[in-house]
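# Geometric and topological summary
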Amino acid sequence: MPGIIDSIALIVSSLATTTFAANALYLGTYAAITAGLTLGASFIQGAFASKPEVPKPDDGSYNLKQSVPSLPYVLGRVKKGSDYVFLEETSGTAHHIMVWAGHRIHQFVQHYLHDDKVTLNVDGGVTDPGHYDKDGVSFVHIKTKLGLNAETAYSEVVTAFPTIWNNNCRGDGLASVYMRVSTVDQKDFLDVFPNQMPEHSAVGDGALLYDPRKDSTQGGSGAHRYTNPNTWEFSKNLALMRLWHLCHPVGGKMSYENMYLPDWQNAADVCDENVTNRTGGTEKRYHGGFWFRASNDPIEVGRIMDEAAELVVYERADGKIGVHAGEFVTPDVRLTAEAIYSIRVDKNKRRANTVLGVRGRYVNTAKDYITEDAAIYGDPYAVVDDNTERTRTFENAAIQSHNHCQRKQKLTFVRANARKVSVVADSTADGARDIPYRRFVTVHYPSRGLAEATIEITSSVTIDLRNMRISFSGILVNSSLYDFNAATEEGEPGESVEPLPDSGVPVPVDFAATIQTEVVSGGATAAFINATWDFVDDTLTYELEYDRTSGSTGVQSVFSQAGDTQVRSGYLVDGEEYKVRLRAWGGGTKSEWTDYIFLTATADPVAPGAVVSVSVTPAAGQATFQWTAPNSANYYACRIYINTTNDLGTATLAATEYGPPSATDLRVVTSLAAGTYYGWLRSINPSGVPGTAVATGSFVVT
């Protein structure tokens, strides 16, 4: 419309900025507002082109595999996955290279595999959770690079794939993660990798930011220089993030020379102010973090930061870009009834427009950066009226504090229910020309109920040069707009669902093992182990492992049927001692072993008869023992015990003589020192089960 210039000096992107107006801010010109001047229809069409939405925090929980992903940018501290640039396998080892951020970052804080926090040793090996580390061998290794201007290639990949990856594959300026995953034995695969191939994500501190407060050439104190990113530092300050974004190629594409830095210094100070939360602790007023991609709409990215920090970015009269901080400023522009041509006051008392409560969602950094519901601000059940807008939802990807979210919910509540005002005033009145550069103005119009009322401007300011009028819209607020008493207003968030730790397959309960016998072919008996345990679930099977303590035959094992509560071993070597243990299997994974039980194989538990006709004939340094074997089919041998006292319990086994039943036998025991001795002869069966001991009485060796 001829004669009308819509001022874009005030860009309230956190409240009511249109995509069109915000594009004009990024261009730094009024031309986009005045139709037909500099920009053609092609730009107007492009300004409204749809671009990908900014990722939600939960969108970063997985790694992206695609040909040419758009570069990710990280501001503040966030948890996210990465973009694959390399994934190959050789000799049973998979090599992953992933880009976590498309720029230099400050540091990696915590690595995750799936949902588990991991602990790394000095070589990058995962030692916790323990299932990735078996017998002191780490099957997953993680290494990182911060994205310096000149990086070095991952040497492990260069060595493994020299034909496709060399030392020139450095990844300059890309914060990356290298993960090496080694294969394991098939029976241990699901124990080491219960969720299959590990899925990596990480918490990290993102981009380094320029802080004009630390630049001694801009009225600050320090070595920061906007011309030298190597002097910048990491920060969670949302105002500094917004300043970075306006001056970055993925954002406003402006230069720091075009920024009115005193405004940005003040905004950064406001963001760094301490506030008290509901627990009595302190935190920064407007700190946070989020990530986005280069392909995301810069208007939307900027809106997230403006909304989270209550920033209002605007163009000053001198053409520089300033910012109104998230604080109340006493207005220095006052419009009276004499300077106002028309005024419309909407008391906003309609029930359909009344917001009873505001629901909020924020990123909980204490719970692995999941998005949670904050406490409801207000009372959504205060009025029973189906026409009432009971609640409004506030959500911002950059907010990482419940207190921060609650403060924003209160502001949303206040602004939704505030009286709305539209003003048309004389542009030549005192202070009227400063309105486009102010966030708050005072309006004194008693006849409309506005006595020294404070208005927060929520629209673009329009100047009509033909009629010398200025018009704007806003809401009525007071100086307590940003006041917040956490003790009474913050509320307590609801409990979020936390996944229970995987307890794995349960260890067998009440494990018991006994030696049992059965008759085999030829009438002989053989021993085996019978193991029992308590029933837990039909899906579980059990593995019984047994081995001779001498280790001469090696470990053997047998499996039960699903749902069974017992299993037996194969036949054992008679008379040998065995160690036995049990574990459960379910879903391809296994439990821990039970403790060992030690058993001696006994194929024949029946003791033979005692030897008879026992005698001993001593001589110099020796003694000859003679006996007649019992008429027992299971007689196997006779054991000779000798002691210097008449006590079988402490006697020493001197010899074992094998022979048939009913036969007369003898054995000479030599190397005896001179002295008085006592002897006992005891029959045994093939399983070593002894018969009754028969004493020889005392005898003297010369």
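Below, the structure is looked at part by part.

What counts and what doesn't
- Residues numbered from 1 in each chain as written.
- Predicted model: local features only at pLDDT ≥ 70, side-chain atom pairs only at ≥ 80, totals over all residues.
- Heavy atoms only, no water.
- Helix = DSSP H or I, 4+ residues; strand = E, 2+ residues; numbered from the N terminus.
- Buried < 20%, exposed > 50% of the residue type's maximum accessible area, 1.4 Å probe, protein only.
- Contact = heavy atoms within 4.5 Å.
- Areas by Shrake-Rupley, 256 points an atom, 1.4 Å probe, with all protein chains shown as cover.
- Core = buried A, V, L, I, M, F, W, Y, C linked by side-chain atoms within 4.5 Å.
- Pairing = 2+ DSSP bridges.
- Phe/Tyr/Trp six-rings, centres within 6.5 Å; stacked < 30°, edge-to-face > 60°.
- Lys NZ or Arg CZ within 6 Å of the ring centre and 35° of its normal.
- Axes fitted to C-alpha atoms, helices over the stretch in contact; angles between N-to-C directions.
- Nonpolar A, V, L, I, M, F, W, Y, C, P; charged D, E, K, R; others polar.
- Parallel < 35°, antiparallel > 145°, perpendicular 65-115°, else oblique.
- Left-handed = near helix turned anticlockwise from the far one by under 90°.
- Expected span 1.5 Å × (residues − 1).
- Polar contact = N/O pair within 3.5 Å; in protein donor to acceptor, adjacent residues only side chain to side chain.

### Quick look at the overall build of the chain
- Looking only at helices and strands, the chain has 9 helices and 48 strands in total.
- Looking at the chain as a whole, 48% of its 702 residues qualify as buried.
- The long-range share in the chain, meaning contacts at least 24 apart out of those at least 6 apart in sequence, stands at 66%.
- For the chain, the accessible surface area stands at approximately 32,600 Å², while carbon and sulfur atoms represent 49% of it.

### A closer look at the nonpolar core
- By size, the foremost hydrophobic cluster in this structure holds 58 residues, and its most contacted members are Leu 75, Leu 243, Trp 244, Tyr 256, Met 259, Phe 290 and Phe 292.
- Here the element with the most residues in this core is helix α5 (residues 238–246); it accounts for 7 residues.
- Discounting residues that sit within four places of it in the chain, Leu 243 has contacts with Tyr 210, Pro 212, Tyr 256, Met 259, Leu 261 and Trp 264.
- Among the nonpolar cores identified, the runner-up in size contains 25 residues, and Val 74, Val 177, Val 181 and Val 192 belong to it.

### Points about the pairing of strand β29 (residues 420–426)
- Taken across its 7 residues, β29 has 5 buried, putting it largely inside the fold.
- Pairing of strand β24 (residues 340–346) with β29 involves 6 bridges; the strand directions are antiparallel. Within β29, the position partnered with Val 345 by the bridge is Val 421.
- Across 7 bridges, β29 lies against strand β33 (residues 469–477) in antiparallel orientation.

### What about the packing of aromatic side chains?
- A full pass over the atoms with the stated rule returns 23 aromatic pairs.
- With a centroid separation of 5.8 Å and an interplanar angle of 15 degrees, the aromatic rings of Tyr 73 and Phe 292 are classed as stacked. Highlighted residues: Tyr 73 in strand β3 (residues 72–75) and Phe 292 in strand β20 (residues 290–293), separated in sequence by 219 residues. Across this residue pair, the class does not change: Tyr 73 and Phe 292 are buried.
- Members of the aromatic cluster, joined through ring pairs, are Tyr 73, Trp 244, Phe 290 and Phe 292.
- Sitting above the plane of the Trp 100 ring, Lys 80 keeps its charged end 5.4 Å from the centroid.
- Over the aromatic face of Tyr 260 sits the side chain of Arg 316, whose NZ or CZ is 3.6 Å from the ring centroid.

### Examining the packing of α5 against helix α6 (residues 261–271)
- Closest axis-to-axis distance for the α5/α6 pair is 7 Å, and the angle between their directions is 145 degrees. Contacts between α5 and α6 involve Leu 238, Ala 239, Leu 240, Arg 242, Leu 243 and Leu 246 on the former and, on the latter, Leu 261, Trp 264, Ala 267, Ala 268 and Cys 271.
- Here the residues of the contact of α5 with α6 are counted per class, giving 10 nonpolar, no polar and 1 charged.

### Things to note about the packing of α5 against helix α7 (residues 298–309)
- Where α5 meets α7, the axes come as close as 9 Å, and the angle between the chain directions of the two elements is 160 degrees. With respect to α7, the axis of α5 lies roughly antiparallel. Handedness of the crossing formed by α5 with α7: left-handed. Each of Leu 238, Met 241, Arg 242 and His 245 in α5 lies in contact with α7, whose residues at this interface are Pro 298, Val 301, Gly 302, Met 305, Asp 306, Ala 308 and Ala 309.
- Its residues placed into classes, the contact of α5 with α7 shows 7 nonpolar, 2 polar and 2 charged.

### Quick notes on α7
- With 12 residues, α7 should reach 16 Å at 1.5 Å per residue; the first-to-last C-alpha distance of 17 Å fits that figure.
- α7 sits mainly inside the fold: 10 of its 12 residues count as buried.
- Within the span of α7, buried status applies to Pro 298, Ile 299, Val 301, Gly 302, Ile 304, Met 305, Asp 306, Glu 307, Ala 308 and Ala 309.
- You can read the cap of α7 off the contacts: a side-chain oxygen lies 3.0 Å from the backbone nitrogen of Ile 299, and it is on Asp 297.
- Of the residues flanking the end of α7, it is Glu 310, one or two places downstream, whose phi is positive at about 60 degrees.

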